[in-house]
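# Breakdown of the fold
As a plain string of letters, each chain reads:
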Amino acid sequence: MSLNQASIELTEEDLAQFDWLNLHKEMDQILPQESKLEKLVRKCKENPLVPIGAAATTAALGYGLWSFRHGRAQMSQYMMRTRVGAQFFTVMALVVGYMYSANDKK
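All values derive from a computational prediction rather than experimental measurement.

### Some remarks on the overall build of the protein chain
- When its secondary structure is counted, the protein chain shows 5 helices and 0 strands.
- Ordered by position from the N terminus, the helices and strands of the protein chain form the series α-α-α-α-α.
- Every one of the 106 residues in the protein chain was classed for burial, and the buried ones make up 12%.
- Accessible surface for the protein chain amounts to roughly 9500 Å². Of this, 63% is attributable to carbon and sulfur atoms.

Take a look at the structure:
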């Protein structure tokens, strides 16, 4: 008899012996699973300065590359410096947000 043909019936007592099988159900009750979009929205609400900094970094990089491609070297250099400033802002927003959430949990 193959494995597909065998029918194995497990009772509640048999399942109770394997507590780790119920771990996923218990964890979902304690901390429900969230989709990637829900997690992104939650993280943006917790620390709104990080997405602002990321958007500023992306905008400075994009405009700086566009300026470089069109031969506007001075503007390209300015935008690359702006990008570094935006990256610094983003990193500082991460650090401050982390410190705030660590103090908030105490």
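### Observations regarding the layout of surface pockets
- Reported here for the largest pocket is a volume of approximately 340 Å³.
- Forming the boundary of the largest pocket are 15 residues, of which Lys 43, Glu 46, Asn 47, Gly 97 and Ser 101 lie nearest the centre.
- Elements supplying a minimum of two residues to the lining of the largest pocket: α3 (36-46), α4 (49-69) and α5 (73-105).
- If one sorts the elements of the lining of the largest pocket by residue count, α5 sits on top with 8 residues.
- In terms of residue class, the lining of the largest pocket is made up of 7 nonpolar, 3 polar and 5 charged.

### A look at α5
- Taking 1.5 Å as the rise per residue, α5 with 33 residues should run 48 Å; its terminal C-alpha atoms sit 48 Å apart, in good agreement.
- Of all the residues in α5, the buried ones are Ser 76, Met 79, Met 80, Ala 86, Thr 90, Ala 93 and Gly 97.
- Elements in contact with the buried residues of α5: α4.

### Remarks on the confidence of the model for the protein chain
- Considering every residue of the protein chain, the mean pLDDT works out to 84; 85% of them sit at 70 or more.
- Here helix α1 (residues 12-17) stands out as the least confident element of the protein chain, with mean pLDDT 70; α4 is the most confident, with 96.

### With respect to the environment of Thr 90
- Among the secondary structure elements, Thr 90 is positioned in helix α5.
- Residue Thr 90 is classed as buried on the basis of its relative accessible area, which comes to 13%.
- Residue contacts for Thr 90: discarding those within four places in its chain leaves Val 50, Gly 53, Ala 54 and Thr 57.

Definitions and cut-offs
Residues numbered from 1 in each chain as written. Predicted model: local features only at pLDDT ≥ 70, side-chain atom pairs only at ≥ 80, totals over all residues. Heavy atoms only, no water. Helix = DSSP H or I, 4+ residues; strand = E, 2+ residues; numbered from the N terminus. Buried < 20%, exposed > 50% of the residue type's maximum accessible area, 1.4 Å probe, protein only. Areas by Shrake-Rupley, 256 points an atom, 1.4 Å probe, with all protein chains shown as cover. 1 Å grid on protein atoms, 1.4 Å probe; cavity = no way out; pocket = protein on both sides within 12 Å on 5 of 7 lines; lining within 4 Å. Points joined across faces, edges and corners; volume = space filled by probe spheres on them. Nonpolar A, V, L, I, M, F, W, Y, C, P; charged D, E, K, R; others polar. Expected span 1.5 Å × (residues − 1). Contact = heavy atoms within 4.5 Å. pLDDT = per-residue confidence, 0-100.

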